Amino acid sequence: MITIVDYKAGNLTSVRRALEALGLPCRITADPETVRKAERIIFPGVGHAGAAMSVLRERGLDSALKEAFERGTPILGICIGCQIVLSHSEEGDTTCLDLLPGECIRFQVDGRGLKVPHMGWNAVTVTQPHPVLAHLKPGDEFYFVHSYFPQPVDSASVYAACDYGGIFPAAIGQGNLFAVQFHAEKSGPVGLRLLKNFAEWTPC
Amino acid sequence: MLSKRIIACLDVRGGKLAKSVRFVDTKDIGDPVEQARKYYLQGLDELVFYDITASNEKRDIMIDVVGRVAAQVFIPFSVGGGLRTVEDCSRVLLAGAEKVNVNSAAVGNPRLIAEAACAFGAQAVVLSMDVRQTDASPQVPSGYEIIINGGRTPTGLDAVQWACRGEELGAGELVVNSIDADGTRQGYEIRLTRMIAESVGIPVIASGGGGKPEHLYDVLTEGKADAALVASMLHYGEYTVGGIKDYLVGRGIKVRMPKDESWTDRS
């Protein structure tokens, strides 16, 4: 059973529908106790890092997620869920969950004719093999919508990269935590396959 | 770099797929959910559904269509037509759409754009504009005017100025639909698209007039569009998404080419 964390941050329905299409049992919850005891967690989201963190704190989900992480529960962060697992975000100068040391940084693309947010399909390149990314082929594209990107302190935590006016980390992880900046649930077959890989992943 | 997107537009009336020529003569041509699924499997990048149902009582049919699409199609899609309030927008987003398309209602009440952007984020709000060429005047300096109510009512608003205003109000993307080109299949309105793309900092989706792959090439290069909307080219089975993309790749355009076509989902 996959537990989808509900903290008023958007794309829960999309994630649930994608898991259902894959035949993977899931539930959506805002209850910290359920998150603590979850077998497997997806932590999705769209929106503002500051707003996301304040809802997590209000609902006591921040400590529940930390405990689940420390217990070794496999966790997949998506989009905002990939950003707020880091220590800090430039968006609203927000202190985040700090499951993985690092910072979320705003795109600086001034004068290069690029638009922020980075919105649309872009190629993701695996930089370090990981079971969740096992199926990726060179040039596979995923759907992105974001203005900030994750930058872990340790480059060994980066598993895939993307190019938008410069290379940025698109998938990061440490131990039982894996997180992707793109919307796997809206990235067609290649995204569904990533969700399935996560559902089958046993962190060592 | 981002890929240029191919977006299929599906006009839905009373739950059925319809297609118009110059905004009139609409006829029913199939099931929108089945079509959406077919294009998704062909490698489409995004979908737009316009609800052209005349009566308000039938709006619930559209919500049902949105829910069924969301359960079978795993690419972004937006829904437009008859969205007048933030609550209307909220219903389609909760049913599973990523984005809402606002058009006539935003002309009458521009605050709708700002309120929707504030409630759901700019990335979820697409400002769709129907545009007709007219004589340039002090009121309409670009020579392109915004028309509302499905092509019936001229507004006296300049299209380029309205596009800029929409961006300021918080729209995350613009659909620029040329009424003159709509349904003609003679090519997109390049000049209009380019004029708007050069005036705003948000993605511009060209709409109206796509009849063959080279029309997409033209509007994605000369027209400076980030994406092109297609309808009849696909609906009548003359082209496939893959066929259009092969053509564009052959001419050096970066588009997404899904590689693992055999692996979709269990359904």
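Residues numbered from 1 in each chain as written. Chains lettered and ligands numbered in written order. Predicted model: local features only at pLDDT ≥ 70, side-chain atom pairs only at ≥ 80, totals over all residues.

(A) Fine view of the environment of V230 of chain B. Residue and element names in this part refer to chain B. Among the secondary structure elements, V230 is positioned in strand β12 (residues 227-230). Distance from V230 to I7, taken between C-alpha atoms, is 6.2 Å for residues 223 residues apart in sequence. If we ignore the near neighbours within four places in the chain, the residues touching V230 are I6, A8, C9 and G210. (Helix = DSSP H or I, 4+ residues; strand = E, 2+ residues; numbered from the N terminus. Contact = placed C-beta atoms within 7 Å.)

(B) Quick peek at helix α6 (residues 159-169) of chain B. Residues and elements named next belong to chain B. Among the residues of α6, A159, V160, W162, A163, G166 and E167 are the ones counted as buried. One side of α6 holds all its buried residues, which, seen down the axis, span an arc of 165 degrees. Contacts from the buried residues of α6 go to α5 (111-120), β7 (125-133), β8 (144-148), β9 (153-158), β10 (173-178) and α7 (190-197). Positive phi appears at G170, one or two residues downstream of α6, with a value of about 120 degrees. (Buried ≥ 20, exposed ≤ 12 C-beta atoms within 10 Å, placed from the backbone. Arc of directions from axis to C-beta.)

(C) The interface of chain A and chain B, seen in detail. Facing the 29 residues of chain A at the interface are 27 residues of chain B. Among the elements of the structure, α1 (12-21), β8 (118-126), β9 (141-146) and α6 (188-200) of chain A are those that each provide at least two residues to the side of chain A that touches chain B. Per element, the largest residue contribution to the side of chain A that touches chain B is six residues, and it comes from α6 of chain A. Classifying every residue of the side of chain A that touches chain B by side-chain character gives 12 nonpolar, eight polar and nine charged. (Nonpolar A, V, L, I, M, F, W, Y, C, P; charged D, E, K, R; others polar.)

(D) The arrangement of α1 of chain A in detail. Among the 10 residues of α1 of chain A, eight are classified as buried, and the element is accordingly described as predominantly covered. Restricting attention to buried positions, one finds in α1 of chain A the residues L12, T13, S14, V15, R16, R17, A18 and L19 of chain A. Elements in contact with the buried residues of α1 of chain A: β1 (2-5), β2 (26-29), β3 (40-43) and α6 of chain A together with α2 (59-70) and α3 (86-94) of chain B. G23 of chain A, located one to two residues past α1 of chain A, shows a positive phi value of around 75 degrees.

(E) Focus on the environment of A21 of chain A. Along the chain, A21 of chain A falls in helix α1. Between the C-alpha atoms of A21 of chain A and S147 of chain A, which are 126 residues apart in sequence, the distance is 29 Å.

(F) Quick look at the pairing of β1 of chain A. Residues and elements named next belong to chain A. Taking every second residue as pointing to the same face, both faces of β1 are buried, with I2 and I4 on one and T3 and V5 on the other. In the sheet, β1 pairs with β3 via three bridges, with the strands oriented parallel. Each bridged residue has a counterpart across the sheet, and for I2 the counterpart in β3 is R40. Bridge count between β1 and β2: four bridges; the pairing is parallel. Across the sheet, T3 pairs through a bridge with R27, a residue of β2. (Pairing = 2+ DSSP bridges.)

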